[in-house]
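Each chain, written out:
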Amino acid sequence: MLKGIANAFRVPELRNKILITIGILVLYRIGAYIPVPGIPFQGMLSAYSAAAAGSGAMAVLNLFSGGALSRVSVFSLGIMPYITAQIILQMMQAVIPSLGEMAKEGEAGQRRITQYTRYLTIVLALISAIGYLFLFQSDMYGISFEGAGLPVWLMDVIVVFTMVVGALIIMWLGEVITQRGIGNGMSLIIFANIMAGFPSALISSGQTSEHGVLDTVITLIVILAVIPLIVYIERGQRRITVQYAKRVVGRRVMGGQSTYLPIKVNTAGVVPIIFASAILYLPAQIAVFFPNVTWMNVFANAVSSGWLNWILSVVLIVFFAYFYTAMVFNPEETADQLRKQGGFIPGVRPGNATAAYIKNVIDHITLPGAIFMALIAVVPSIIFAFTSNSLIQAFGGTSILIMVGVAMDTIASLESQLKMHNYDGFFK
């Protein structure tokens, strides 16, 4: 591992990408501590703690914003508006034929879809910012934004504008990481948000647990023991044997070799977890518009935590695992490419039969992988419901899956770029 890191810094291009990624993440964390104009900063944390104590939804939203929500910072909205916009656009591709065709147009089509995603992010960020403004000024928080004698309505506009601009800056930072840094920017920002809460969660767990430090140590041991199992599933794959027929090109005999087509057990990676989380916490974001409507807040809390959240998490993770796998891995295109290259699966006819065979394999291996990920995401939440250990809430289930998945994707990206420069990677 240390040798791989040293090799990465020997390559100027790769070193610059790593430094850009680290610099943007540090810049993002600084922004999470800059309050919006007019916020009574001293009393904000206590007001948030009192409000979040009875709201599991708010606690989770704060976790995914890296604590920015509790500080009413310029980055209070976090990355969720951008993620929600991506979910909507990707699901619309399966419903609206023109969008589906656009996605198949290659780089040009993807640029247009990205542009639509940005526009939708602005709309969702504006809606969320107005909702949070209502929430902060409700009886739950009782915050009064004050600003150098400016009219109340003008201060409200400034606060909403600041949070919307903050969400757009986060979107831009994520895209810069994706384009010029290492790994997926959206995933890395969520990773940074979760990791930012680790020190406080660790201290809180030791202070509030029934057996103090012992409970915290046991929780850390269990988390560390689960990580290798998650890595094992993440790297697991089904290898389909592919045989290439011999061809005579001029005086050369080409083909005839045997290889394999690797299909990952968890092809979708960490995306189903992120998408399911965004969907489940959407009611909590909507409920901020109506802080005094009891039934809406009860529903938001029920969907964000408790038995209903556990059931919906399993269903949504399995659904998005199949949905995203179908988007990134097309059996028909794979079968067509094999046919054009003279390849075939032994015992299976080329063409439609090969596509059906590949699809059947994907369907069979995706289900156990998705169920495993869903259980890892849900079981810690169930344990937290009975133990109230803050460390489990912050680093159980969904959080640890996201962190491990993002870490593996980032390392895999570094691995591929190191091998391009003839260096040994991280995996042996």
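Remember, it's a predicted structure, so these values are computed and weren't measured experimentally.

Rules behind the numbers
Residues numbered from 1 in each chain as written. Predicted model: local features only at pLDDT ≥ 70, side-chain atom pairs only at ≥ 80, totals over all residues. Heavy atoms only, no water. Helix = DSSP H or I, 4+ residues; strand = E, 2+ residues; numbered from the N terminus. Buried < 20%, exposed > 50% of the residue type's maximum accessible area, 1.4 Å probe, protein only. Contact = heavy atoms within 4.5 Å. Areas by Shrake-Rupley, 256 points an atom, 1.4 Å probe, with all protein chains shown as cover. 1 Å grid on protein atoms, 1.4 Å probe; cavity = no way out; pocket = protein on both sides within 12 Å on 5 of 7 lines; lining within 4 Å. Points joined across faces, edges and corners; volume = space filled by probe spheres on them. Nonpolar A, V, L, I, M, F, W, Y, C, P; charged D, E, K, R; others polar. Expected span 1.5 Å × (residues − 1). Phe/Tyr/Trp six-rings, centres within 6.5 Å; stacked < 30°, edge-to-face > 60°.

Asker: Which parts of the structure should I look at to understand the overall build of the protein?
Answerer: What the protein contains, in helices and strands, is 19 helices and five strands. Per-residue burial over the protein gives 48% buried out of 428 residues. Put simply, of all contacts in the protein between residues at least 6 apart along the chain, 72% involve residues at least 24 apart. A total accessible area of about 21400 Å² is found for the protein, and carbon and sulfur atoms account for 66% of it.

Asker: Looking at this structure, I do not really get empty space enclosed by the protein. What am I missing?
Answerer: A probe as big as a water molecule, rolled over the atoms, marks out the empty space that is left. One pass over the structure, following the stated rule, counts two cavities of 30 Å³ or more. Of the voids in this model, the second largest cavity is the one considered here, and its volume is about 30 Å³. As for the second largest cavity, its lining consists of Asn 266, Gly 269, Pro 272, Ile 273, Ile 317, Ala 321, Gly 369, Ala 370 and Met 373. Among the elements of the structure, α12 (271-280), α15 (307-328) and α17 (352-387) are those that each provide at least two residues to the lining of the second largest cavity. Broken down by element, the lining of the second largest cavity gets its largest block of residues, three residues, from α17. Residues that form the lining of the second largest cavity fall into these classes: six nonpolar, three polar and no charged.

Asker: What is the right way to read the layout of surface pockets from this model?
Answerer: When its volume is computed, the largest pocket comes out at roughly 1400 Å³. Taken together, 43 residues make up the lining of the largest pocket; nearest its centre are Gln 90, Gln 110, Tyr 324, Met 327 and Val 328. When residues in the lining of the largest pocket are grouped by element, the largest group, seven residues, is from helix α7 (residues 107-136). Partitioned by chemical class, the residues of the lining of the largest pocket number 17 nonpolar, 20 polar and six charged.

Asker: How should helix α5 (residues 80-95) be read in this particular structure?
Answerer: In an α-helix, one turn spans 3.6 residues; hence positions three or four apart end up facing the same way. Relative to the 22 Å expected for 16 residues at 1.5 Å per residue, α5 spans 23 Å between its end C-alpha atoms, a close match to the ideal helical length. Listing the buried residues of α5 in full gives Met 80, Pro 81, Tyr 82, Ile 83, Thr 84, Ala 85, Gln 86, Ile 87, Leu 89, Gln 90 and Gln 93.

Asker: Explanation requested: the packing of aromatic side chains in the structure shown.
Answerer: One pair of aromatic rings is described through two measures. These are the centre distance and the angle between the planes. Here the structure, examined in full by the defined rule, presents four aromatic pairs. For the ring pair Phe 319 and Phe 323, a centre distance of 5.8 Å and an interplane angle of 20 degrees mean the geometry is stacked. Remark: Phe 323 and Phe 319 occur in helix α15; sequence separation between them is four residues, near one turn of the helix. With a relative accessible area of 39%, Phe 319 lands in the partly exposed category. A ring pair is formed by Phe 320 and Phe 323, whose centres lie 6.4 Å apart and whose planes are at 85 degrees; its orientation type is edge-to-face. Placement of both Phe 320 and Phe 323 in helix α15 is noted, with a separation of three residues, approximately one turn of the helix.

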